[in-house]
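Here are the chains, one letter per residue:
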Amino acid sequence: MTSLFDTITRKKQQDLVLDMHKRLIQKEAELGGRLFPIDNEDILRREFFCLDENTWVWHEEVRDENGDKHIYNTRYEVGPGRVLKSTNGQGQQSLGLQEAEHLLKAVRLYRERVLKQLYPNHDW
Amino acid sequence: MSNVLDLPGNLKRALMGDSPKEIESAAGQAIEMRRPVPALGVSNAEREISDLINSLSKPGNKAVGELVDMNFRRPSMMPDMTEMSPLPTIVDAPFADGSISNPGNNPLDAMLEDIRAERNEAVAAERDADDLRERRGDGATITSAEDARNVQVVDFGAETNAQALSASDHFANLENAWKDTE
């Protein structure tokens with residue numbers, strides 16, 4: 001029979017794993033954001049990460065000329081031979097050549113400079 | 001962790017704390033859970049975006065930002081270009097030269113160290129709160145930074161107030177640490 005202690009211990013361990021999983025994604029996003037230097041004081045934050053096997057997220061927080069903060073969440077959904085982009089839940093748009101090239105470069109840098117650093121014991 | 005907080009002091013603190021072995025084990029499980037996702041994400045993206053670039057590079061091919069065709073998404077998901085504003089995207093951001101700025105020597109180790117510190121702090125804060133409850137003798141339950149802060153308004157003498165401040169600081173620090181991760 002499972003004791004209360006065992007139940008709580010197992011739950012605590014599960015919570016710890018989930019907490020670390022969340023933190024891993026946050027760390028990927030943070031390191032991914034550093035692929036793009038913040039070279040302007042109006043850019044407050046940048047994150048870039050792989051959400052799931054088909055989705056990449058570009059997050060940017062900027063301040064406009066009035067000092068108001070704006071947050072942009074852009075999702076890139078990778079499908080067969082094309083990528084769809086939507087920002088802040090607005091309509092989806094297919095990706096153009098320049099942005100596709102930029103995204104591909106970002107993905108490759110993500111593997112080289114984020115995944116290899118964060119998970120060094122794996123073959124990337 | 002609220003279920004843990006309802007337990008007697010010593011057992012509660014034992015359960016709240018995480019041994020290095022527990023943290024290492026959890027980290028291993030979390031990595032195994034997460035790592036395949038970006039691995040697959042990178043390979044999918046490399047393949048599909050490369051195909052897309054090849055396709056877009058051919059003369060007379062699709063225009064940039066073309067509307068999505070009906071076969072790829074349900075009609076209700078069709079984009080409305082009139083709603084698209086010139087929002088900044090990844091295409092506008094320059095890449096960093098060389099390595100990532102301040103990546104840290106080992107980001108994973110740093111993250112685990114943060115977790116250890118937070119957990120230790122939580123246990124210390126809970127111990128302080130238990131001490132305070134014992135001194136007050138009223139069995140009050142302190143389960144949050146707000147509770148600990150509220151205790152400070154009661155004057156139980158210099159020594160007890162010092163305990164209250166200590167517990168309050170622990171909870172406040174813990175709260176801030178969690179906010180930083182959100």
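Preceding this section is the structure that the text describes.
My aim in this report is to walk through the structure given alongside it, one point at a time. (Residues numbered from 1 in each chain as written. Chains lettered and ligands numbered in written order. Predicted model: local features only at pLDDT ≥ 70, side-chain atom pairs only at ≥ 80, totals over all residues. Heavy atoms only, no water.)

Residue and element names in this part refer to chain A. Sheet topology places strand β1 (residues 43-52) next to strand β2 (residues 55-63); eight bridges connect them, and they run antiparallel. Residue pairing for β2: C50 is matched across the bridge by W56. Linkage of β1 to β2, two consecutive antiparallel strands, is achieved through a turn of two residues. (Pairing = 2+ DSSP bridges. Helix = DSSP H or I, 4+ residues; strand = E, 2+ residues; numbered from the N terminus.)

Turning our eyes to something else, we now look at the packing of helix α3 (residues 20-34) of chain B against helix α4 (residues 36-57) of chain B. Residues and elements named next belong to chain B. Across the interface, α3 lies against α4 with an axial gap of 4 Å and an inter-helix angle of 25 degrees. Taken together, α3 and α4 sit at an angle that is classed as roughly parallel. Counting all contacts with α3, which are made through I31, E32, M33 and R34, the residues of α4 involved are P36, V37 and P38. Partitioned by chemical class, the residues of the contact of α3 with α4 number five nonpolar, no polar and two charged. (Axes fitted to C-alpha atoms, helices over the stretch in contact; angles between N-to-C directions. Parallel < 35°, antiparallel > 145°, perpendicular 65-115°, else oblique. Contact = heavy atoms within 4.5 Å. Nonpolar A, V, L, I, M, F, W, Y, C, P; charged D, E, K, R; others polar.)

Every other side chain in a regular strand lies on the same face of the sheet, so the side chains alternate between the two faces. Residue and element names in this part refer to chain A. Across the six residues that make up strand β4 (residues 82-87), a large majority, six, are buried. Burial of the side chains of β4 extends over both faces: R82, L84 and S86 are buried on one face and V83, K85 and T87 on the other. When strand β3 (residues 69-79) meets β4, the two strands line up antiparallel, connected through six bridges. Considered in β4, the bridge of G79 is made with R82. Two successive antiparallel strands, β3 and β4, enclose a turn made up of two residues, where G81 displays a positive phi of approximately 70 degrees. Summarising the sheet, β4 and strand β5 (residues 93-94) pair through two bridges and their orientation is antiparallel. Paired with L84 across the two strands is S94, which belongs to β5. Where β4 hands over to β5, the hairpin turn is made up of five residues, of which N88 adopts a positive phi near 50 degrees. (Buried < 20%, exposed > 50% of the residue type's maximum accessible area, 1.4 Å probe, protein only.)

Even without being a glycine, N88 of chain A presents a positive backbone phi close to 50 degrees. By secondary structure assignment, the location of N88 of chain A is in the loop between β4 and β5.

Once that is clear, we can look at the pattern of salt bridges. Side-chain pairs of opposite charge can arise where the charged atoms are in close proximity. Summed over the entire model, instances satisfying the criterion amount to 21 salt bridges over all chains. Notably, a salt bridge pairs E46 of chain B with R111 of chain A, separated by 2.8 Å at the nearest N-O pair. Residue E46 of chain B is found in helix α4, and its partner R111 of chain A is found in helix α2 (residues 97-118); the two belong to separate chains. Across the salt bridge formed by K116 of chain A and E112 of chain A, the nearest N and O atoms sit 3.0 Å from each other. Of this pair, K116 of chain A and E112 of chain A are both found in helix α2, four residues apart, which corresponds to roughly one turn of the helix. On the accessibility criterion, E112 of chain A (37% relative accessible area) is partly exposed. One salt-bridge network, in which partners are shared between bridges, spans R108, R111, E112 and K116 of chain A together with E46 of chain B. (Salt bridge = Lys/Arg side-chain N within 4 Å of Asp/Glu carboxyl O.)

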